[in-house]
Amino acid sequence: MRRLRRLAHLALFCPFSKGLQGRLPGLRVKYVFLLWLGIFVGSWLVYVHYSTYAELCRGHVCQVVICDQYRKGIISGSICQDLCNLHKVEWRACLSSVPGWQVYSGLWQGKEVTIKCGIEEGLNSKARSDAAPRQELVLFDKPTRGTSIKEFREMTLSFLKEDHASRLLGSCGDLYVTEGVPHGSWHGAALPPLLRPLLPSALHTALQQWLGPAWPWRAKIAIGLLEFVEELFHGAYGTFYMCETTLANVGYTAKYDFKMADLQQVAPEAAVRRFLRGRHCEHSADCTYGRDCRAPCDKLMRQCKGDLIQPNLAKVCELLRDYLLPGAPADLREELGKQLRTCTTLSGLASQVEAHHSLVLSHLKTLLWKKISNTKYS
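Residues numbered from 1 in each chain as written. Predicted model: local features only at pLDDT ≥ 70, side-chain atom pairs only at ≥ 80, totals over all residues. Heavy atoms only, no water.

The chain is annotated in an unreviewed UniProt entry as Divergent protein kinase domain 1B isoform X2 of Acinonyx jubatus. Under the UniProt heading Sequence similarities (unreviewed entry), the entry covering the chain gives this text: "Belongs to the DIPK family." According to UniProt, the comment filed for the chain under the heading Subcellular location (unreviewed entry) is "Endoplasmic reticulum membrane". (UniProt positions renumbered as here; feature names shortened; annotations may be inferred.)

Have a look at this one:
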């Protein structure tokens, strides 16, 4: 014990000579305080990291639940046998951003894949009460009135096979295996989830310019994103809303073709309207589905209205201003900025969207395509 005390004394106080300690009597106390403060803060960060990881990353729970349902004959799917009996689906890095929607990179049949699995709130003993508003995004949460189960399944699978979404490779109940995660356009996505909101917007822009693709490749990715917005508006199964419009969801392939990184952030119009209908509100912030699908609040009736304040295209154009304007060719920057400003003013009212949406979108695509067509970037 005496040796341990001697070792601690040497570690804490020997960096300072006796003469220095005599001249600066308060320095030793400050040194000890800062050292212990560093230990405390470091321990707290480690605790927060692992507690957050344990909450976000519950792939093992998802697999147990899915396989239990499969063995009871409740669910089926093309990869159930490999997942539950042959154990040929390998779970790798956790990519989840919310506890209820598990996302992992993985390996299946020799291919890099993404594993996505929904976990019911009931599995969490500390889940919020039923009275609390549910704002998590649920892609195709259930068939809308008048839609058969068969039509609903076809709608879900066809959406997952879109050109601008990672291709569906197989499923087992609510667990899906898709192509590997596309390259991300937001280079802050590699940071731990707790640190991402702390990055200032100026640093986001700087990271994009330093580490992102060259401007012509960004233009090609933007064209794909605009085409995806068009598909959501004029899709065979109705209108869909992008309810978390961030660069973290803008992915692309090795050939710089746009891929939506996470379809969980896309919701059917019927689901959004069902959430908003009759909801009590004091401000428009109370009428928010997901992160940014926001409707106005009727302050007289104190109920949310049905039309969203911003359509998909207006939110995407806000995103593209920071994505495309930095580094844009000088002869294009002024016109591009003008069209993007016009685009961001689009209203969410159905009548205005119908009148202006397609025209504005077409002008933007044409402007970008003219600049990169007949080049190696097209």
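> Sorry, what's going on with the overall build of the chain here?
Regarding its fold elements, the chain presents 12 helices and 14 strands. A sequence separation of at least 24 residues applies to 60% of the contacts in the chain between residues at least 6 apart. Taken as a whole, the chain presents about 21800 Å² of accessible surface, with 57% of it coming from carbon and sulfur. (Helix = DSSP H or I, 4+ residues; strand = E, 2+ residues; numbered from the N terminus. Contact = heavy atoms within 4.5 Å. Areas by Shrake-Rupley, 256 points an atom, 1.4 Å probe, with all protein chains shown as cover.)

> Is there a simple way to explain the packing of aromatic side chains in this structure?
Between two aromatic rings, the relevant description is the distance of the centres plus the angle of the planes. In total, this model carries five aromatic pairs according to the counting rule given. Ring plane angle 10° and centroid distance 4.4 Å describe the contact between W217 and Y256, whose orientation is recorded as stacked. Here Y256 lies in the loop between β8 (250-252) and β9 (258-260) and W217 lies in helix α8 (residues 215-233), a separation of 39 residues in the sequence. The class for Y256 is partly exposed, based on a relative accessible area of 22%. Arranged with centres 5.7 Å apart and planes meeting at 50°, the rings of F228 and F258 form a pair that is tilted. With F228 in helix α8 and F258 in strand β9, the pair connects residues that are 30 residues apart, well separated along the chain. Pair check on accessibility: F228 and F258 agree, each one buried. What links up through ring pairs into an aromatic cluster is the set W217, Y252 and Y256. Above the plane of the ring of F275 lies R279, whose end atom (NZ or CZ) is 4.0 Å from the centre. (Phe/Tyr/Trp six-rings, centres within 6.5 Å; stacked < 30°, edge-to-face > 60°. Buried < 20%, exposed > 50% of the residue type's maximum accessible area, 1.4 Å probe, protein only. Lys NZ or Arg CZ within 6 Å of the ring centre and 35° of its normal.)

> Where do I start with the state of the cysteines in this structure?
Each disulfide consists of a covalent bond between the sulfur atoms of two cysteine residues. Scanning all chains against the criterion turns up eight disulfides. The partner cysteine of C67 in its disulfide is C84, sulfur to sulfur 2.1 Å. Because the sign of the S-S torsion sets the handedness, a value of about -85° for the bond joining C67 and C84 places this disulfide among the left-handed ones. Here C84 lies in helix α5 (residues 80-85) and C67 lies in helix α4 (residues 59-71), a separation of 17 residues in the sequence. (Disulfide = S-S within 2.5 Å.)

> Would you take a moment to explain the pattern of salt bridges for this structure?
As a working rule, side chains carrying opposite charge can pair if their charged atoms are close by. Within the structure shown, the criterion is met by 11 salt bridges. Across the salt bridge formed by R273 and D307, the nearest N and O atoms sit 3.2 Å from each other. Linking R273 in helix α9 (residues 269-276) with D307 in the loop between β14 (303-304) and α10 (312-324), this pair joins segments that are 34 residues apart in sequence. With relative accessibility at 26%, the residue D307 sits in the partly exposed group. Connected via shared salt-bridge partners are E90, R92 and E112. (Salt bridge = Lys/Arg side-chain N within 4 Å of Asp/Glu carboxyl O.)

> For this particular structure, what's the right way to read the sheet that holds strand β2 (residues 101-108)?
The strands making up a sheet associate through hydrogen bonds between their backbones, and the pairing can be parallel or antiparallel. Taken together, five strands build an open sheet; the order of strands is β1-β2-β3-β5-β4 and the sheet is antiparallel. Strands with a single pairing partner mark the edges of an open sheet, and in this sheet they are β1 (90-94) and β4 (168-172). Pairs of neighbouring strands in the sheet enclose a mean axial angle of 30°, with direction left out of account. Pairing analysis gives three bridges linking β1 to β2, with the strands arranged antiparallel. When the bridges of β2 are listed, E90 appears paired with L107. (Pairing = 2+ DSSP bridges. Axes fitted to C-alpha atoms, helices over the stretch in contact; angles between N-to-C directions.)

> Teacher, can you tell me more about the side chain of T344 here?
Here T344 shows up in helix α11 (residues 330-344). Relative accessible area serves as the criterion here: at 14%, T344 is assigned to the buried category.

> Please explain the side chain of D82 as it appears in this structure.
With respect to the secondary-structure elements, D82 resides in helix α5. It is K88 that comes nearest to the buried, bridge-free D82 among opposite-charge side chains, at 4.9 Å. Here W108 takes part through its side chain, which lies 3.0 Å from a polar atom of the side chain of D82. With near-sequence residues (within four places) excluded, D82 lies in contact with H87, K88, V89, W108 and Q109. (Lys, Arg positive; Asp, Glu negative; His and termini not counted. Polar contact = N/O pair within 3.5 Å; in protein donor to acceptor, adjacent residues only side chain to side chain.)

> So what exactly am I meant to see when it comes to the packing of α8 against α10 here?
Geometrically, a packed helix pair is captured by the angle between its two axes and the distance between the axes. Where α8 contacts α10, the axes come no closer than 11 Å and their chain directions differ by 175°. Considered as vectors, α8 and α10 are oriented roughly antiparallel to each other. Of the residues in α10, those touching α8 at W215, R218, A219, I221, A222, L225, L226, V229 and L232 are N312, L313, V316, L320, Y323 and L324. Considering only residue class, the contact of α8 with α10 consists of 13 nonpolar, one polar and one charged. (Parallel < 35°, antiparallel > 145°, perpendicular 65-115°, else oblique. Nonpolar A, V, L, I, M, F, W, Y, C, P; charged D, E, K, R; others polar.)

> Even after reading the chapter, I still don't get the pairing of β4, so can you show me in this structure?
One face of the sheet, then the other: side chains in a regular strand alternate in exactly this way. In terms of residue burial, β4 counts as a mostly covered element, since four of its five residues are buried. Direction of pairing for β4 relative to strand β5 (residues 175-179): antiparallel, over a ladder of four bridges. Residue pairing in the sheet places G170 in a bridge with V177 of β5. Where β4 folds back on β5, the antiparallel hairpin that results is connected by two residues, among which G173 adopts a positive phi of roughly 60°.

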